[in-house]
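# An overview of the molecular structure
In case you want the letters, here they are:
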Amino acid sequence: MTSQYRVNYHLRAHKRDNLIEFIKGMLLTPFVLHSQPEAPASTPEAEQSANAERYAGIFGSIEALIDEHRDFTQSGIPTHSRLAKLVPTVGTFFTRLPLERAFRHINHTNKISARKHVPPSFNDIRRILNMAQVMAIAPELQLVTFDGDMTLYADGQNFEDDSALTTLLIGLLRRRINVAIVTAAGYGADAGRYELRLSGLLRGFAAAALSADQVSRFFVLGGECNFMFRCRADYHLEFIDDSEYASSALRAWTDVQVQQLLDVAEAELADCVQRMGINAQILRKPRAVGLVPQEELTREQLDECALSSQLALLKFQGSPKSQPCDVPIPFCAFNGGSDCWVDIGNKLIGVRILQELIGSPPNATLHVGDQFLSTGNDISTRAACCTCWIISPHETQNILTELETILGPSDL
């Protein structure tokens, strides 16, 4: 049993979030013990209220564990916290997380505590964590960065004119909060290609008559971190050469080094095509290489391509036990949902470039994305800022609506 469990755990480890799994396990006990009425005299309302208090108590205890972990992190010994011993992979929390308050807020609408047959799920906990993060960061928020596909618009589609997100993003800009789209889409310095993808949003800026100062707070960072654009007063994007903003580490990459790394990635993707008999085209770009299927692939096939490429590049750089962020040339090998790409650089670098440019610290920066598993390209941002893990543009809309409510009216 133990051996088989370990095998299964490692096979699906890239599909797990250990903190969420820990919280889910903690909530399972009261669900199992108290999901049915304790006595015939119990009313449904009383039992639901009792269940809500049990869940709230657990979230309050986890909130305290996170507070302690933050204290240990500030002292330089994060691995000594109780939370780190329970969840060894837990990272840095740049703000407090009011989990008990967030649970009560979401439970009021979703009635999690009223369920008798379905325990609190991964998605329930993910949404509660998102709500807690929004509650915590709202007073200090200076920069919000977004993934593109499946965060602001459907996969492979453009930002539509009728998107409800347009008004919400305009509201952030009017509150003098910087907004950036950090996307894997890499079109080089071709502003027109990015304008096409964001055409509905840019037309929304024009329709709202945003001022030059307001639109200057809108950025696009393509190819994870390689191509930066800023919105001009005429609502068009202007390319910014990396010599004007890039960190010294980014500028230190030579084209020879980049092409060597892409050669390795291309060879590994070609091997995946041959091994799994995939009908796919391999595309090479200046700072990326991707596998674009000619027919729909399973998630497992795309995960295999991403993980194989990741390991090959780590070995090539002499650090097979490291992370893609901790090697001489950071990279991102990710499952894009319908394809697989390897990009030079990653969103961690992209977010840090924006933070440096704007002067926004980690506790005032929020990244919103849908790819926070180990085969995704949003997960690296957790080392630089606060994050919200969504799964669709509709969830992004919900998060921004909650944020707008907390922030209050904007200055027009």
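Scope of this entry: the structure provided in the associated data block. (Residues numbered from 1 in each chain as written. Predicted model: local features only at pLDDT ≥ 70, side-chain atom pairs only at ≥ 80, totals over all residues. Heavy atoms only, no water.)

## Side note on helix H5 (residues 99-110)
Put simply, the test is: Segments assigned H or I by DSSP are reported as helices when at least four residues long, segments assigned E as strands when at least two residues long, and all are numbered from the N terminus. The span expected for a helix works out to 1.5 Å for each residue beyond the first. Relative accessibility decides the category of a residue: with a 1.4 Å probe and only protein chains considered, values under 20% of the type maximum give buried, values over 50% give exposed, and everything between is partly exposed. Within this analysis, the arc is defined by the directions that extend from the helix axis to the C-beta atoms.
The end-to-end C-alpha distance of H5 is 16 Å, a good match for the 16 Å that 12 residues give at a rise of 1.5 Å each. Looking only at H5, the buried set comprises Leu99, Ala102, Phe103, Ile106 and Asn107. Each buried residue of H5 sits inside an arc of 125 degrees when the element is viewed along its axis, so together they form one side. Exposed side of H5, more than 90 degrees from the buried face: His108 and Thr109 are the residues found there. Lys111 sits one or two positions beyond H5 and adopts a positive phi of about 50 degrees.

## Notes on the layout of surface pockets
Where we set the bar: Lining residues are those with an atom within 4 Å of a point, where the points come from a 1 Å grid over the protein atoms alone and group into cavities, where a 1.4 Å probe fits but cannot get out, or pockets, open sets with protein on both sides within 12 Å along at least five of seven lines. Grid points are joined across faces, edges and corners, and a volume is the space filled by probe spheres set on the points.
What the second largest pocket holds in volume is close to 1,100 Å³. Around the second largest pocket, the lining is made up of 46 residues, and of these Asp155, Phe334, Gly336, Gly337 and Gln371 lie nearest the centre. Going through the elements one at a time, helix H2 (18-34), helix H6 (122-137), helix H8 (191-197), helix H13 (299-316), strand S8 (331-335) and strand S9 (340-344) are the ones with two or more residues in the lining of the second largest pocket. The leading source of residues in the lining of the second largest pocket is H6, at 3 residues.

## Concerning the sheet that holds strand S3 (residues 218-222)
Rules: Two strands are said to pair when DSSP picks up at least two bridges between them. For helices, the axis comes from a line fit to the C-alpha atoms of the stretch in contact; other axes are also lines fit to C-alpha atoms, and the angle between any two N-to-C directions lies between 0 and 180 degrees.
Pairing within the open sheet is mixed, and its 7 strands lie in the order S5-S4-S3-S2-S1-S10-S11. Among the strands making up the open sheet, the edge pair consists of strand S5 (237-240) and strand S11 (386-389). On average, adjacent strands in this sheet sit at an angle of 25 degrees to one another, irrespective of strand direction. When S3 meets strand S4 (residues 227-231), the two strands line up antiparallel, connected through 4 bridges. Considered in S4, the bridge of Val220 is made with Phe229.

## Quick word on the packing of aromatic side chains
Within a pair of aromatic rings, the relevant descriptors are the distance that separates the centres and the angle that separates the planes. Cut-off, in case you're wondering: Two rings from Phe, Tyr or Trp (for Trp, the six-membered ring) form a pair when their centres sit within 6.5 Å of each other. Planes less than 30 degrees apart are called stacked, planes more than 60 degrees apart edge-to-face, and all others tilted. Here, a charge over a ring is recorded when the distance from Lys NZ or Arg CZ to the ring centre is within 6 Å and its angle to the ring normal is within 35 degrees.
Taken as a whole and assessed by the stated rule, the structure comprises 9 aromatic pairs. Following the ring pairs from residue to residue traces out a cluster consisting of Tyr187, Tyr194, Phe229 and Phe239. Directly above the ring of Tyr187 sits Arg193, whose terminal nitrogen or CZ lies 4.1 Å from the centroid.

## A word on empty space enclosed by the protein
For the record, the criterion: Amino acids are sorted into nonpolar (Ala, Val, Leu, Ile, Met, Phe, Trp, Tyr, Cys and Pro), charged (Asp, Glu, Lys and Arg) and polar (every other residue, Gly among them).
Counted by the stated rule, this structure contains 2 cavities of 30 Å³ or more. Here the largest cavity defines a volume of roughly 50 Å³. Around the largest cavity sit Tyr153, Thr183, Ala185, Tyr187, Tyr194, Arg197, Leu198 and Val220, which together line it. Split into classes, the residues belonging to the lining of the largest cavity amount to 6 nonpolar, 1 polar and 1 charged. Computed from the structure, the second largest cavity encloses a volume of approximately 30 Å³. As for the second largest cavity, its lining consists of Leu168, Leu172, Arg175, Leu400, Glu404 and Leu407. Counting residues per element, the ones that place at least two in the lining of the second largest cavity are helix H7 (165-174) and helix H15 (393-407). A per-element tally of the lining of the second largest cavity places H15 first, with 3 residues.

Note that all results are geometric; they support no functional claim without further evidence.
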